[in-house]
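Observations on the three-dimensional arrangement
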Amino acid sequence: MTFNVPDGSLRGGVMTMCQEAEKAARDGYHFIILTDSVVSKTKAPIGSLLACGAVHHHLVRKKLRSNVGLIIDTGDARKTHHFCTLLAYGADAICPYLALEIIEYLQKKGELKKLSPDQAVRNYFMGLQKGVKKVMAKMGISTLQSYKGAQRFEALGLSSEVIDFCFVGTPSRIQGIGFKELGNHTLWRHSTAFDQNSKVRYRGDYHWRSGGAEHAYTPQSITAVQSAARSNSKQKYIEYAAESNLMTERCMLRGMLEFRKVDPIPIEEVEPVSEIVKRFATGAMSYGSLSIETHEALAIAMNRMGAQSNCGEGGENSERFKPLPNGDSKRSAVKQVATGRFGVTSNYLANADQLQIKVSQGAKPGEGGELGGAKVSEGIAKTRRTTPGVGLISPPPHHDIYSIEDLKHPNASVSVKLASEVGIGVIAAGVAKARADHIVISGHEGGTGAARWTSIKHTGLPWELGIAETHQTLVLNNLRQFVRLQTDGCLRTGKDVVYAALLGAEEFGFGTIPLVTLGCIMMRKCHLNTCPVGIATQDPQLRKKFEGKPEHVINFFFMLAEEVRGYMAQLGFRKMDEMIGRVDLLKPRETRQDDEFPISQYDFSALLTPAHELRPNVPTKFTNKHPNEIIDILDQKFVRESSAVFSGEQKRISFNETVSNVNRSVGTFLSYNISQRFGDDGLPENSIHILLRGSVGQSFGAFLASGVHMELHGDANDYVGKGLSGGTIIIRPVAGQEVEENVIVGNTVLYGATAGLAFFAGVAAERFAVRNSGVCTVVEGVGDHCCEYMTGGRVVVLGETGRNFAAGMSGGIAWIFGNPENFTSKCNLVMVEVETLSTEEELKEPLSLIQMHYKFTNSPKAAKILDTPPKELIKQFVRIMPKDYKPIWVAQNVKKEIKSEEVKEEIADIEDLPVGKFAKIHAFKKYSRKAEPYRPVEERVNDWDEIWTSHDSDNRVKQAARCMDCGVPFCQSDSGCPIHNKIPEWNDLVYKHQWKLAYERLAETNNFPEFTGRVCPAPCEGACVLAITDQSVTIKNIENAIINKAFENNWVVPRIPSSRTGKTVAIIGSGPAGLAAADQLNQMGHTVSVFERDPQIGGLLRYGVPQVKLSKKLVQRRIDLLASEGISFHTKKNIDVAAFEVLKGEFDAILLATGSTTPRDFPIPGRESSGVHFAMDYLKKSQMFLDGEIDKLEIDAKDKNVIVIGAGDTGCDCISTSVRQGCKSVLNFNLSYQPPPQRDDLANPWPEWPKVFSVEYGHSEAKFHTGNEVRKYNVLTKAFEFDSKTNCVTGIATNNVVWKQRPGTIGRAGMDMREKEGSSHVYPADLVLIAIGYSGAEESFGLKMNGGVFEAPSYKT
């Protein structure tokens, strides 16, 4: 599987490989091994999937495929998806040699200490096997033989040239790149791999990482949108939209399109924002996945706007159906009801504006959600009709049995949610014909907090394809006018909305972005119940940290709608209805430099075909509702004649009717009317008694409400008691009919039932009591899959069962009577145990249900059991008990209260296992922040040693455990670490005690951690997500501990380049930037010389940072190391214009690293007096004296009144230095007001550097020395007082100032300053140090300056 690098022809390599495979097959070989293990500098690999598909189809075309087995020996197969695709395109066996070598490498490095080499490989293969089986299951394929070669995938952006040769028959609706482009990309990767200077970077496929893969949500976009939503700032929204739209262009299909230019209209003519927002809806996010505070905030916000919130799968507490006193409503307009969703009751359905059948979710098609036991609180368990502390699993969507007919009621439309896939248009057309009012097309880009990583990568397709195909197909079949189309899947801006509308959508779903406006910072830890901002958690302690408000969501959506209006005006639309399906206004955009492949190579005709051209003169948008078909049904009679019961005039009413299979959903519309009037309570027991005779149609008693007793003499079709909501259902045979062993009810009986009783004097077919969460029932035999996904209730089976009993059963109890010894083999034992009974006490509950069964059905089988002595019955019963539910059930039986703390902490992933003595998952809650303290102030002020204490390894490990490995780590964003240190990675390695690996990660981005770990102000800590509501991780201390350990253990060694490029570079300046540049350039193989004008190398590190913060021994240690690596250093070299010209002739390149060294000054009276100095001059002279470079301390604070003007780090350093020199007093002036003790969320929002009042090392030393707080705020320096004879400064004349906020502004930038009358004061001063920053570089080298910055030279480097 290689092709020659000099030729560069991937197509030629593929052809040659196919010919060789054909020859081998004709020569009688039984196995063909395709391998890329022979890759070299001259041979580049052919992608294993490309090679496998090509050879497989070539042999099929030559009718030789069945003669040989195809073995793929490759280094690029690593993940589940790689194996799934290789198998789907013909591979018979796969050897992932590189993955196995990596496992061996990790073993040798000690990262897999607890596993033997064989066990590590077995675990890897076991994980792959589970992943492949899961993918097969989602596709409904049972055997690998059926899956192999099935090609159940779709290609995006591959040309027919590649498809027709390598992936014959694979859909590729967006035609694109061919062999040439694939070959060029392979050659680029190949050359990078063989480049000695290239480094393997962490890609950030699942979590955003600086410099890694692009993600839709970036730190910049999250920060901007939260600021916009909270302050209602249009400017911040514009910043957010710009960043988000840029990511759309880089990541998403719609980002390859742009709008055509047309004549615009005035924006005043466009419909108002208040109408546009009514088309918005939130995604189906459940209470359970979200905290109740978040869920309700979304509902309130959407209801205020006249938009719709979607309650998701978790049900909704009926208390939320009542309006609040202020007129707000917590009621979700859209109620989701698919796949046995939790808490689906008659009352729940009655309180909906729209009922949504979720056939699939775009982010994880073919799969249900999961909710860990740690998130199932008492409130969630009550709402979902389940048990606190027991995990919940949603059935896969192919188990859906809710029908549009069941759900229709006068006050709600019915929506069907589909996932974008090829052929979705045909499915949507069928749904429309079945009288759906609304169709959602969900794209793969949407988020989910209820699925594993392997479930959300490589699944689904862009919504752009789905909505376009659906719109086109509905128009083609003249069905478009009957349904509204909605799309969702990472819609984030107004531009996204306009794209969706032009492609055919009328409504727009938003999932993640409303959560971000409420405070979500994309931790991607939703499943662990550890959300630090209280959004995706049920932890009471964390929920208190939720600070979102409905107003934030409203502000965001109104600004987004305003953006939509702007685009509408640009495109000439006055109403959104005018835009629907107008794909003629879209076109492929121009190719940009950062595009991987030219946009012009892609064919977007599948997206951009106007629907009206497919079938002219038919509606192309929603215009008409389906006719109401809830007329002339049996339930209408029940409702009319029960009016006296509803009003309370009559206590009970009975009906006696004959039915046939045309009578479907009997009792459902009656229950809707009861729920509308009486809510969850329904009517008193047996208020309405209905006796029916005959063979009834499907969904008999669906969602039957409390107070209704339905008895059928005959038999029933499928879906009896679906969603049973408190009513009673009895089905018995017609008198004289023998049905003991015959089927009396069909499939999926009691599906999703929540409460009530049901007794069946006969056998039920398959899928009995699936997702039962509260019904007690007796049946006399069942088919396959009984009690699947059951979460509550009681089931007694008096007879035989089918296979797969209790699969996914997490709650409730079942009893089986009959042949116990034969049952175990039919039971799915993954989540349950099969128990024998040992006491008569254990028989009481099932026998009480059997007695009721006999009372209602007169069952001969029940009678026979009740006549049997208990001692004999014990042997004939087995109990099916869910493993997680059992301890809670036992505790309830002994009346022991289960406390939330006793619920076992769920560990979802291997990386979440505790390491050593410190737990990881909730470490940020369990352990408080503990920074390494300074040495005692009374000790350190008397010496010039470093102020730091030695690091405590155990404490650093504990502190590293607090790092949450964020999905979007702001600590390494632009608001955090300026050099983008891999902070989450090395924190995790420290937590795992892998210090050497942590050092290697740290050294990848940080040249000198021993410096930054001491003197960096740590913006990373200010941007840490824990800093939002808690104390941040001690990142700086951990960094310092890593590098200290590295030097202690001699891991830091000279890295001498293996070869030199022959290029020479001169660097002028040896400060931090100059040294870092020298290190980088030297490692690339260039010959580097550093020129410094001072006596010693180091610049700011040597002379600007005091000895007490950074020992100069450490500086010299690093300089010596750099010198040993080949860098030459030259001191006392003051490069003037002439010398600069000489360097230009001697070196291939010159790098200016002189820094900003021109200090800002005070042009006020007395500035020229003696004793007024720039802070850096003072610090430099002090350090030169300590180093012995000068004999006399030229600027000495001893016995002087010192005033430091300026409150930054340099000012603090001056305070500390003057204290050590023995000053008489010291004051620190600051023109600004005193910072608040806590961050101002509007003026100084996270993750900006927190502008809060803090006590640094120099401040505490000065207070110890003088006994007073030395900082003074709101002080304006007016003049320097001085002795006219000596010209020495004697004091500073000041005025106090007052700051006032201008209306409509926030923060310092919006404040005006005025001097306070009568506040003049003169402070005595013998030494004044000006520390108010720098204005730029010094003019030098004969180069032009512009604003303190050198203009670009006339030569290139």
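Up top is the structure.
Residues numbered from 1 in each chain as written. Predicted model: local features only at pLDDT ≥ 70, side-chain atom pairs only at ≥ 80, totals over all residues. Heavy atoms only, no water.

1. Notes on the overall build of the protein chain
When you go through the protein chain residue by residue, the secondary structure sums to 47 helices and 46 strands. Here the C-alpha radius of gyration of the protein chain, 37 Å, is about what a compact globule of 1357 residues would show, namely 34 Å. For the C-alpha atoms alone, the extent of the protein chain along its principal axes is close to 125 × 90 × 75 Å. Counting across all 1357 residues of the protein chain, residues that qualify as buried make up 56%. In the protein chain, of all internal contacts separated by at least 6 residues, the share reaching a separation of at least 24 is 66%. About 57300 Å² of surface is accessible on the protein chain, with carbon and sulfur atoms providing 51% of the total. If you average the places of the 158 positive and of the 156 negative side-chain charges in the protein chain, the two averages end up 1 Å apart. (Helix = DSSP H or I, 4+ residues; strand = E, 2+ residues; numbered from the N terminus. Rg over C-alpha atoms; globule rule 2.2 N^0.38 Å. Buried < 20%, exposed > 50% of the residue type's maximum accessible area, 1.4 Å probe, protein only. Contact = heavy atoms within 4.5 Å. Areas by Shrake-Rupley, 256 points an atom, 1.4 Å probe, with all protein chains shown as cover. Lys, Arg positive; Asp, Glu negative; His and termini not counted. Charge placed at Lys NZ, Arg CZ, Asp CG, Glu CD.)

2. Some details on the sheet that holds strand S28 (residues 832-836)
Taken in spatial order, the 10 strands make up an open sheet running S18-S19-S20-S21-S23-S25-S26-S27-S29-S28, and their pairing is mixed. Each edge of the open sheet is held by one strand with a lone partner, namely strand S18 (653-659) and S28. On average, each strand axis in the sheet is inclined to that of its neighbour by 15°, with strand direction left out of account. Contacting strand S26 (791-798), strand S27 (811-817), S28 and strand S29 (877-882), helix H32 (residues 886-893) runs over the sheet at an angle of about 110° to S29. (Pairing = 2+ DSSP bridges. Axes fitted to C-alpha atoms, helices over the stretch in contact; angles between N-to-C directions.)

3. Let's talk about the sheet that holds strand S5 (residues 93-96)
Reading across from one edge, S2-S4-S5 is the order of the 3 strands in this open sheet, with parallel pairing throughout. Lying at the two open borders of the sheet, with one neighbouring strand each, are strand S2 (31-35) and S5. Between one strand axis and the next, the sheet turns through 15° on average, direction left out of account. Judged from the 5 bridges that link them, S2 and strand S4 (residues 69-74) form a sheet pairing that is parallel. In the sheet register, Leu 34 faces S4, and the bridge partner there is Ile 72. The sheet contacts of helix H4 (residues 97-108) involve S4 and S5, and relative to S5 the element is tilted by about 40°.

4. Some details on the nonpolar core
Of all hydrophobic cores here, the largest spans 209 residues; its most connected members are Val 14, Phe 280, Phe 508, Phe 604 and Leu 607. Take this core: its biggest share by element is 12 residues, from helix H22 (residues 550-571). Each residue touching Leu 607, except ones within four places of it in the same chain, is listed here: Ile 174, Leu 253, Leu 257, Glu 464, Leu 465, Ala 468, Gln 472, Leu 503 and Val 583. Judged by nonpolar contacts, the second largest core, of 58 residues, contains Phe 655, Phe 700, Met 790 and Met 809. (Core = buried A, V, L, I, M, F, W, Y, C linked by side-chain atoms within 4.5 Å.)

5. Observations concerning the pattern of salt bridges
Within the structure shown, the criterion is met by 73 salt bridges. Among the salt bridges present, the one from Lys 322 reaches Glu 319, with a minimum N-O distance of 3.5 Å. On the basis of relative accessible area, Lys 322 is assigned to the partly exposed category, the value being 48%. Where Glu 788 meets Arg 767, a salt bridge forms, and the shortest distance between an N and an O atom there is 2.8 Å. Here Glu 788 is found in the loop between strand S25 (773-779) and S26, whereas its partner Arg 767 is found in the loop between strand S24 (763-764) and S25, with 21 residues between them in sequence. Across this residue pair, the class does not change: Glu 788 and Arg 767 are buried. A single network of salt bridges, built from pairs that share partners, joins Glu 214, Glu 249, Arg 250, Arg 592 and Asp 594. (Salt bridge = Lys/Arg side-chain N within 4 Å of Asp/Glu carboxyl O.)

6. Quick look at the packing of aromatic side chains
As enumerated under the stated definition, the model contains 31 aromatic pairs in all. For the pair Phe 638 and Phe 655, a centre-to-centre distance of 4.8 Å together with 55° between the ring planes defines the contact as tilted. Highlighted residues: Phe 638 in helix H25 (residues 634-641) and Phe 655 in strand S18, separated in sequence by 17 residues. Overall, Phe 655 belongs to the buried group, its relative accessible area being 6%. Plain terms: the ring middles of Tyr 1233 and Trp 1299 are 6.3 Å apart, the flat faces sit at 75° to each other, and that makes the pair edge-to-face. Taken together, the positions of Tyr 1233 in the loop between strand S37 (1225-1230) and helix H47 (1257-1266) and Trp 1299 in strand S40 (residues 1289-1301) put the pair 66 residues apart, joining distant regions of the chain. Site record: aromatic cluster; members linked through ring pairs are Tyr 237, Tyr 240, Phe 280, Phe 508, Phe 510, Phe 556 and Phe 557. Geometry around Tyr 348 places Lys 335 over its ring, the cationic atom sitting 6.0 Å from the centre. Looking at Arg 492, its charged tip hangs above the ring of Tyr 217, at a distance of 5.8 Å from the centre. (Phe/Tyr/Trp six-rings, centres within 6.5 Å; stacked < 30°, edge-to-face > 60°. Lys NZ or Arg CZ within 6 Å of the ring centre and 35° of its normal.)

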